[in-house]
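Take a look at the letters that make up each chain.
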Amino acid sequence: MSILAFAREELERFLGQERPQAIGLAVDRSLPPFGFKVCPAPDGIALVGHDETCVLHAVYTLLEQLGFRFEITGPLPAQRLDWERVTALTVQPCILRRGIRQHINFPMDISSYGLGEAREYIRNLARLRFNHISFHSYPNQWISGPQAGSRTEAGRFFYGQRHDLPDIPVIRDHVRNARTFCIPEIEEVFDEADECSQLAQAWLRALMAECRRCGLQVQFSFEPRSQSLDVAQTLVIARNVLACYPDIEVLELITQEAGLWGENAEVSGLRDDLAAMFGAGLQAPAVQEALRQGSPFHLGKVFREMGHNILAVRALARESSVSLAVGVYCAIPSFHAAVLSLAENCVPADVAFSFLPAHGAERVAKCLMTHPVPSSLRQRCMIYSWLEFDGIMYLQQNAIEGIEAVVGQVASFPDQVPAMAFNHWRTAENRMTARYAAEAALNGPIDPHGYALAYAQHLGLAAPERYAAAMDMITQADRQATNELPNIGFCFVGCWGRRGLGYFAHWSVERITAVAQLYQGARDELRHCLADTNAPMASDHLRLLDNRLGCTVVYLSAIAEGCRLQEFGDRDPGDLDDDQRRHAAEICDRALDLCHRYLHQHAEMIVDRGCEGTLISCYHTPIAVLKRLRRDYGGRDDAASAPNSGHDAPPSPISFSEGSL
């Protein structure tokens, strides 16, 4: 089905036959690329775009003028079709390619959705007038064949960490799987490696086909995880990916996530290898400065992987017609000038460049301000930002101020950066943020406080000023949690520490309490809105926010309680006497009680599949870690006290010394 056919299908879905005027759809190549317009006239309405996707965006623009509203959670109906509101409008987007980047790696993102729900998610992205999606696969998750992981099959979801359902009602009654959390259609063959692999890839193929039908450009990225001059293995992976997923339009080879994780080993032969990879590009002043100042280990990892990927795309370009991209995920600001210089000078001119410079939208904006993308690179650059940060996944977030800063920074460049995609996992909890990102990328940055006011007024919330004030408080809490409580809500158990106190050794109880008070203050403000709000759509939105803010406060209380184990310092658990063991067990019991309270409160509002994923993830992450601590420090054991950390793992994006974990 063509995109125009889907556009007509959408008009039929939302308007039926209630059309006092004829509506025509037309492609007009004389419009600037990515531009579209709504053209009312006495004899009908023309919806015109530079290409078929742009025509589809004109359709959604008309529908919003008529009174419909599109959210990432689904369409909101028009109270009445107001044809008098239809006005002429021409749109030339602020950012040309605008979309979502799905890591499809955690239980709360769409990688646990049934195919029907996942397809509807894609349609909702199109309705927000996004026109791009990036899918990222870690080893063995969505790629089969020889690769950097420990297996050759796909289907090892969530880095291979199993999320079996415990026999407790709060999860059994609210998660749709019977035994193991995964895509429902795949659960029956979850432990059959070949069948699971085939079904996982079929699921993603079908989803990519839906993306193409809805006008979303499909980009797929993977990590070769190689620092070698030999690219043969990477070419095999790329060929397998392209053969498996024929709807890929852009294939991206990206470096592993890089940050200062504590490693600082010497790397022999670094300059010789980099010279072979980058040639004269290695002599650029920014690169030479990085070589003088940076840790050899980190330089080796970032630049050798980047160089390997550049060599690989040069080889791929000779055998494939698909568009190619080189990506860098580097959260080390002192390397950014060098990364951008190497990309400018060494990435082939017909190859795109994707850049993820930091954790969280606000940090991305600061990085772009400090090291702007060079003008010669902008026209082929994709900036990756965030709708939410996975390091505080169990907390309610509000990244709108950061997104305003990112879009504003990009919009300030003399010429356009053509592409931006936002990392995203949870859907319902990021409803307003997703719509803000879509509108800002389309029309330019919008004042966050004013946007919250308008959002509240449109939904019919009582006391919109208090709603906007609550959003401001969530922004502050989000910022403090990200910056001062690193990874306090990260949802991969292996990163929390396999021995000792791990993360619990580092967070300040005082800072956790202060952040929790900010969240509670936001909840108090929202409750004034909720008490006087009668419109059902507004009440639903407020009730979910109220619930998630309450969950956040309980979660932070649980973590603060667990951090009281810090009184044992760095003592070996075997050195504790009976009284100390008893006291440690009591601390863990209190923390676990609060975690289970979080589960029960969260389960009161399961509004999409991602909410189920958050529920099971919490059980298998902070709860599993606290049970491990209760076993090690308190001498109590149970069947679930050994966290399953899978065959692969994300890096721990924090500055804690790895030696303590």
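Calculation criteria
Residues numbered from 1 in each chain as written. Predicted model: local features only at pLDDT ≥ 70, side-chain atom pairs only at ≥ 80, totals over all residues. Heavy atoms only, no water. Helix = DSSP H or I, 4+ residues; strand = E, 2+ residues; numbered from the N terminus. Rg over C-alpha atoms; globule rule 2.2 N^0.38 Å. Contact = heavy atoms within 4.5 Å. Areas by Shrake-Rupley, 256 points an atom, 1.4 Å probe, with all protein chains shown as cover. Lys, Arg positive; Asp, Glu negative; His and termini not counted. Charge placed at Lys NZ, Arg CZ, Asp CG, Glu CD. Pairing = 2+ DSSP bridges. Axes fitted to C-alpha atoms, helices over the stretch in contact; angles between N-to-C directions. Phe/Tyr/Trp six-rings, centres within 6.5 Å; stacked < 30°, edge-to-face > 60°. Buried < 20%, exposed > 50% of the residue type's maximum accessible area, 1.4 Å probe, protein only. Core = buried A, V, L, I, M, F, W, Y, C linked by side-chain atoms within 4.5 Å. 1 Å grid on protein atoms, 1.4 Å probe; cavity = no way out; pocket = protein on both sides within 12 Å on 5 of 7 lines; lining within 4 Å. Points joined across faces, edges and corners; volume = space filled by probe spheres on them. Nonpolar A, V, L, I, M, F, W, Y, C, P; charged D, E, K, R; others polar.

A. A look at the overall build of the protein. When helices and strands are tallied, the protein shows 21 helices and 14 strands. The C-alpha atoms of the protein give 25 Å as radius of gyration, which agrees with the globular expectation for 661 residues (26 Å, within 12%). With the C-alpha coordinates of the protein rotated into their principal frame, the extents come out at 85 × 65 × 50 Å. In the protein, the proportion of contacts linking residues at least 24 apart, taken out of those at least 6 apart, comes to 76%. For the protein, the computed accessible surface area is about 23200 Å², with 48% contributed by carbon and sulfur atoms. Here the protein carries 60 positive and 80 negative side-chain charges, and the mean point of each set is 2 Å from the other.

B. Seen up close, the sheet that holds strand E3 (residues 44-49). Sheet architecture is open: four strands sit in the order E1-E3-E2-E6, paired in mixed fashion. With partners counted over all chains shown, the strands left at the sheet margins are strand E1 (23-27) and strand E6 (89-91), one partner each. Going across the sheet, the axis of each strand differs from the next one's by a mean of 15°, ignoring polarity. Direction of pairing for strand E2 (residues 36-41) relative to E6: antiparallel, over a ladder of three bridges. Bridging across to E6, Val-38 finds its partner in Leu-89.

C. Highlighting the packing of aromatic side chains. Per the stated rule, a full pass over the model turns up 28 aromatic pairs. Residues Tyr-159 and Phe-492 carry aromatic rings whose centres are separated by 5.2 Å and whose planes lie at 70° to one another, so their mutual orientation is edge-to-face. Separated by 333 residues along the polypeptide, Tyr-159 in the loop between strand E8 (132-137) and helix H4 (169-172) and Phe-492 in the loop between helix H16 (464-484) and helix H17 (509-532) bring together distant segments of the chain. For Tyr-159, a relative accessible area of 1% gives the class buried. A relative accessible area of 1% means that Phe-492 is categorised as buried.

D. Local environment of the nonpolar core. Counting 236 residues, the largest nonpolar core has Phe-135, Phe-220, Leu-251, Phe-303 and Tyr-467 as the members making the most contacts within it. For this core, the leading source of residues is helix H18 (residues 536-562), giving twelve residues. Ignoring anything within four residues of it in the chain, the contact list for Tyr-467 reads Met-432, Ala-452, Tyr-455, Ala-456, Leu-461, Leu-526, Cys-529, His-541, Leu-542 and Leu-545.

E. Focus on empty space enclosed by the protein. Following the criterion strictly, the structure yields eight cavities of 30 Å³ or more and no others. The space that makes up the largest cavity amounts to roughly 130 Å³. Along the wall of the largest cavity there are 15 residues; nearest its centre are Gln-396, Glu-429, Met-432, His-541 and Leu-545. When grouped by side-chain class, the residues that make up the lining of the largest cavity number seven nonpolar, six polar and two charged. The space that makes up the second largest cavity amounts to roughly 90 Å³. Forming the walls of the second largest cavity are 14 residues, and the residues nearest its centre are His-103, Tyr-138, Glu-257, Tyr-329 and Asp-390.

F. Expanded view of the environment of Asp-575. With respect to the helices and strands, Asp-575 occurs in the loop between H18 and helix H19 (578-603). A residue is classified by how much of its surface remains accessible, and Asp-575, at 52% relative accessible area, is exposed. The spatial distance from the C-alpha of Asp-575 to the C-alpha of Tyr-633 is 9.4 Å, given a sequence separation of 58 residues.

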